[in-house]
Amino acid sequence: MLVYNQEELVRFVEEAKQYARYGKVADYIPALGKADPNELSIAIYTPDGRVVDAGDVTVKVTLQSISKIIALALVLIDRGEDEVFHKVGMEPTDYPFHSIAKLEEKPAKPLNPMINAGALVVTSMIQGSSVSERLERLLAFVRRLAGNECISYSDEVARSEFETAFLNRSLCYFLKQHRIIDEDVEELMELYTKQCAIEMTCIDLARIGFVLALDGRDPHSSEPLMPLDVARICKTFMVTCGMYNSSGEFAIKVGIPAKSGVSGGILAAVPGRCGIGVFGPALDDKGNSLTGVKLLERLSKTYSLSIF
Ligand code: GLU
């Protein structure tokens, strides 16, 4: 039985915040550079429908790479495993998330859907007749998972990334040259940057984490929001690739399926037990929330949350 005590959680947040000075806010997307590195918040969605939280959980976080797991789920539902994994692999990597190096090897297929090259392929597979229709389909899916009809994207962050995403454009052109994608690069960049700029609170993140923890079922109605197999694949990628090229260390120290984003957000799913949303914009050198990882490590050790 999990007994998440609010005062204890506040104490854990204060402890983890001490590490903020060793981290750095992402500023390669200029709008993200405005974040306060000392911010740290967490929400835990528990099986009885309670949310235990600490820090300011009303702050909205852009999903950034966390969106990759949700886009993957949608595309797996739309197109099935065979079509998706024909274009993107299943293997972790020790290269950084935006690396182009592996695309120069044969086959040029991206290693997994959690690095940018793979995520761009996944986003290119979102069905719909226009960028806005495809974005709306993704948003509708996100809103159902979060149980929150108000979720949208930050125009400021999307625009800021769109104007500066030269590395991601390079990945797209490589992928296009190798016929892994065939759509217009600017259209794909528009969809991808808006996908990454979808914003929500830690409470929404925690609820989505809990849906995954429940094998894709709605926490209240038990209605399946995604097939069990899709939830299983998502959680597996969260373990093997969710924390960039420190997923191995995270698996050992924390042991919870999780996906981070360079905004400082982390979405975590403790199978059958709870969903967790964290926001701490001070990042480590791999792009993970430094304070968020410290906090999850403390939580996992205190409540034996490791799945291993
Ligand atoms: N939008 C970011 C990018 O493509 C997401 C990266 C991340 O969160 O890791 O660079």
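Residues numbered from 1 in each chain as written. Predicted model: local features only at pLDDT ≥ 70, side-chain atom pairs only at ≥ 80, totals over all residues. Heavy atoms only, no water.

Draft legend 1. Main features of the overall build of the protein. A tally of regular secondary structure across the protein gives eleven helices and eight strands. In terms of overall size, the protein behaves like a compact globule, its C-alpha atoms giving a radius of gyration of 18 Å where 308 residues would be expected to give roughly 19 Å. By principal-axis analysis of the C-alpha atoms, the protein measures approximately 55 × 40 × 35 Å. When burial is assessed residue by residue, the protein has 56% of its 308 residues classed as buried. Put simply, of all contacts in the protein between residues at least 6 apart along the chain, 68% involve residues at least 24 apart. (Helix = DSSP H or I, 4+ residues; strand = E, 2+ residues; numbered from the N terminus. Rg over C-alpha atoms; globule rule 2.2 N^0.38 Å. Buried < 20%, exposed > 50% of the residue type's maximum accessible area, 1.4 Å probe, protein only. Contact = heavy atoms within 4.5 Å.)

Draft legend 2. Summary view of the site of the ligand. Within the structure, the ligand sits among 13 residues, and Tyr 28, Gln 64, Ser 65, Tyr 192 and Tyr 244 are positioned closest to it. Within the side chain of Tyr 28, an N or O atom sits 2.6 Å from an oxygen atom of the ligand. If the ligand stood free it would expose 290 Å²; the protein chains cover 99% of that surface. With respect to the detected pockets, the ligand is housed in the second largest cavity. A breakdown of the residues in the shell around the ligand according to their chemical character gives seven nonpolar, five polar and one charged. (Near = heavy atom within 4 Å. Polar contact = N/O pair within 3.5 Å; in protein donor to acceptor, adjacent residues only side chain to side chain. Areas by Shrake-Rupley, 256 points an atom, 1.4 Å probe, with all protein chains shown as cover. 1 Å grid on protein atoms, 1.4 Å probe; cavity = no way out; pocket = protein on both sides within 12 Å on 5 of 7 lines; lining within 4 Å. Sits in = over half its atoms within 2 Å of the grid points. Nonpolar A, V, L, I, M, F, W, Y, C, P; charged D, E, K, R; others polar.)

Draft legend 3. Layout of the environment of Ser 304. Mapped onto the fold, Ser 304 is located in the segment after helix 11 (290-303). Remark: the alpha-carbon pair of Ser 304 and Gly 255, spanning 49 residues in sequence, is separated by 9.4 Å. Not counting the four nearest positions on each side in its chain, Ser 304 is found in contact with Arg 273 and Leu 299.

Draft legend 4. Geometry of the pattern of salt bridges. One pass over the structure, following the stated rule, counts 21 salt bridges. Glu 14 is paired through a salt bridge with Lys 17; the nearest N and O atoms lie 3.8 Å apart. Taken together, the positions of Glu 14 and Lys 17, both in helix 1 (residues 6-17) and three residues apart, correspond to about one turn of that helix. By relative accessible area, which is 40% here, Glu 14 ends up partly exposed. (Salt bridge = Lys/Arg side-chain N within 4 Å of Asp/Glu carboxyl O.)

Draft legend 5. How the structure looks around the environment of Pro 47. As for its placement among the helices and strands, Pro 47 is situated in the loop between strand 1 (41-45) and strand 2 (51-54). Sequence spacing of Pro 47 and Asp 36 is eleven residues, and the spatial spacing of their C-alpha atoms is 32 Å.

Draft legend 6. Broad picture of the sheet that holds strand 6 (residues 258-260). Reading across the sheet, the five strands line up as 2-1-8-7-6 and stay open at both edges, with antiparallel pairing between neighbours. Of all strands in the sheet, those with a lone pairing partner are strand 2 and strand 6, marking the two edges. If you compare each strand with its neighbour and ignore which way they point, the axes differ by 10° on average. As paired elements, strand 7 (residues 265-270) and strand 8 (residues 274-279) share six bridges and run antiparallel to each other. In the strand pairing of strand 8, Leu 267 is matched with Gly 277. (Pairing = 2+ DSSP bridges. Axes fitted to C-alpha atoms, helices over the stretch in contact; angles between N-to-C directions.)

All quantities given are derived from atomic positions and should not be read as evidence of function.
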